[in-house]
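Each chain is listed here by its residues.
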Amino acid sequence: MSPSPITDLSKLCIHTITTKPWAIEESAKNFAAAGVKGITVWRDALAGRNIKHTGDMLRDHDLSIVSLCRGGFFPSIDPAKRQAALDDNRKAIEEAYELGTKLIVLVCGADPGQSLEDSRQQIQDGIEALIPEASAAGVQLAIEPLHPMYADTRSAINTLGQANDMCEAIKSPWVGVAVDVYHLWWDSNLEREIKRCGANNHLLAFHICDWKSPTVDMLNDRGLMGEGCIPLKKIRSWVEATGFNGFREVEIFSTEYWQQDQAQFLQKIITGYTQHS
């Protein structure tokens, strides 16, 4: 079943990393002028800024601050590095609170020097250790499963099924999942796992872009919606069937697009969003 056509930008969120050449102030001004209603802030965009004032600035532009990106990177064979990761995640929770967002996206990490099973256990242990601080700040933590090509260092959570399993094991209202089509579109169990995620009230975020074929860089060659092979409308229909009514977040890492005029790129994003997602 096809989802309803997108006729406005009320649910469009763009990540600051998508228009990386723009400072966050430029992004806010230009997103708002184009009618975009949501922004997800990457932590690098906050460098050297008063975070509370930055949050106020974004809201003054009538932008909902959908989430802060990113926490995570819990696993390591080195206990000192695991502790450093926890400290950094606690800092991220503080930043999210100051910014005025209720969600942090977790890129969970992995250590190629140990088994994926050990990395997954360290991820679960790390998330569970953060729940008291997350609860106190009113900030949820969204596990983002990443494509298996990143299982060496970026994430030992590679399917939505694994993320669902972990959320069910943790059993906390402060922990859920971010579904990113770039990482999950290939999974034959995706429809079932999205339904499961929604039924458990664990579906916290929905990220969109496209997969170019051929892709020339595993990290920085994501496509605009409509220029790749991801069945975006089909996946959106599954997400919306759960009752999810949140933002559709455009997250594109692209050396090609970062080199282009960002104002023109923004218009391409809006076109791809309305016509192909």
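Residues numbered from 1 in each chain as written. Predicted model: local features only at pLDDT ≥ 70, side-chain atom pairs only at ≥ 80, totals over all residues. Heavy atoms only, no water.

A separate point is the pattern of salt bridges. Summed over the entire model, instances satisfying the criterion amount to 18 salt bridges. Residue glutamate 133 is joined to arginine 90 by a salt bridge in which the shortest nitrogen-to-oxygen separation is 2.7 Å. Placement of glutamate 133 in helix H4 (residues 116–137) and of arginine 90 in helix H3 (residues 79–99) is noted, with a sequence separation of 43 residues between them. Here lysine 212 ties to glutamate 256 by a salt bridge, and the two come within 2.7 Å at their closest N and O atoms. In this pair, lysine 212 is assigned in the loop between strand E8 (210–211) and strand E9 (222–223) and glutamate 256 in helix H9 (residues 255–258), connecting sequence segments 44 residues apart. (Salt bridge = Lys/Arg side-chain N within 4 Å of Asp/Glu carboxyl O. Helix = DSSP H or I, 4+ residues; strand = E, 2+ residues; numbered from the N terminus.)

Spatially, the eight strands close up into a barrel ordered E1-E2-E3-E4-E5-E6-E7-E10, and their pairing is parallel. Averaged over all pairs of adjacent strands, the angle between their axes in this sheet comes to 30°, without regard to strand direction. Bridge count for strand E1 (residues 12–15) against strand E2 (residues 38–42) is three bridges, and the pairing is parallel. Across the sheet, residue histidine 15 finds its bridge partner in E2, namely threonine 40. Sheet strands touched by H3: E2, strand E3 (64–72) and strand E4 (103–107). Its angle to E3, the strand with the most contacts, is close to 175°. (Pairing = 2+ DSSP bridges. Axes fitted to C-alpha atoms, helices over the stretch in contact; angles between N-to-C directions. Contact = heavy atoms within 4.5 Å.)

Our next topic: the packing of helix H2 (residues 51–60) against H3. Any two packed helices are characterised by the angle at which their axes cross and by the distance between the axes. Between H2 and H3, whose axes approach to 7 Å, the crossing angle comes to 45°. The angle between the axes of H2 and H3 places the two elements in the oblique class. Regarding H2 and H3, the two cross each other, and that crossing is right-handed. Contact with H2, carried on its side by Ile51, Lys52, Thr54, Gly55, Leu58 and Arg59, involves Glu95, Glu98 and Leu99 of H3 and no other residues of that element. (Parallel < 35°, antiparallel > 145°, perpendicular 65-115°, else oblique. Left-handed = near helix turned anticlockwise from the far one by under 90°.)

A separate point is helix H7 (residues 190–199). One turn of the α-helix equals 3.6 residues, which is why residues spaced by three or four share an orientation. Taken residue by residue, H7 has Leu190, Glu193, Ile194, Cys197 and Gly198 as its buried positions. Along the axis of H7, the buried positions cluster into a sector of 135°, meaning they face one direction only. For H7, the exposed residues set more than 90 degrees away from the buried face come down to Arg192, Lys195 and Ala199. In this fold, the buried residues of H7 make contact with helix H5 (160–170), strand E6 (175–180), helix H6 (181–184), strand E7 (203–208) and helix H8 (232–241). (Buried < 20%, exposed > 50% of the residue type's maximum accessible area, 1.4 Å probe, protein only. Arc of directions from axis to C-beta.)

Under the counting rule described, the total for this entry stands at five aromatic pairs. Taken together, a centroid distance of 4.7 Å and an interplanar angle of 5° make the contact between tyrosine 257 and phenylalanine 265 stacked. A relative accessible area of 4% means that tyrosine 257 is categorised as buried. Given a relative accessible area of 0%, phenylalanine 265 falls into the buried group. Of the aromatic side chains, those joined through ring pairs into one cluster are Tyr182, Trp185 and Trp211. When the ring centre of phenylalanine 247 is taken as origin, the NZ or CZ atom of lysine 11, which lies over that ring, is 5.6 Å away. (Phe/Tyr/Trp six-rings, centres within 6.5 Å; stacked < 30°, edge-to-face > 60°. Lys NZ or Arg CZ within 6 Å of the ring centre and 35° of its normal.)

Of all hydrophobic cores here, the largest spans 77 residues; its most connected members are Val41, Leu58, Ile104, Ile127, Ile143 and Leu160. Aside from chain neighbours lying at most four places away, what touches valine 41 is Thr16, Ile24, Leu46, Leu58, Ile65, Ser67, Leu68, Cys69 and Leu99. Residues Ile17, Trp42, Val105 and Phe253 belong to the second largest nonpolar core, which totals 11 residues. (Core = buried A, V, L, I, M, F, W, Y, C linked by side-chain atoms within 4.5 Å.)

With that settled, the discussion passes to unusual backbone geometry. Omega for the peptide link from cysteine 69 to arginine 70 comes to 10°, which places this bond in the cis form. With an omega of 5°, the peptide bond running from serine 213 to proline 214 counts as cis. Relative to the helices and strands, proline 214 is located in the loop between E8 and E9. Here phenylalanine 73, not a glycine, exhibits a phi torsion of approximately 55°, which is positive. Along the polypeptide, phenylalanine 73 turns up in the loop between E3 and H3. Of note in this structure, asparagine 201 is not a glycine but carries a positive phi near 60°. Within the secondary structure, asparagine 201 sits in the loop between H7 and E7.

Moving on to the pairing of E3. Of all nine residues that make up E3, seven are buried, and the element is covered over most of its length. Pairing of E2 with E3 involves five bridges; the strand directions are parallel. Opposite isoleucine 39, over in E3, you have isoleucine 65 as the bridge partner. Taking the sense of rotation as the criterion, the β-α-β connection linking E2, H2 and E3 turns out right-handed. With four bridges joining them, E3 and E4 adopt parallel strand pairing. Directly across from leucine 68, in E4, lies its bridge partner isoleucine 104. A crossover links E3 with its parallel partner E4, the connecting element being H3, and its sense is right-handed. (Right-handed = clockwise from strand over helix to strand, strands pointing away.)

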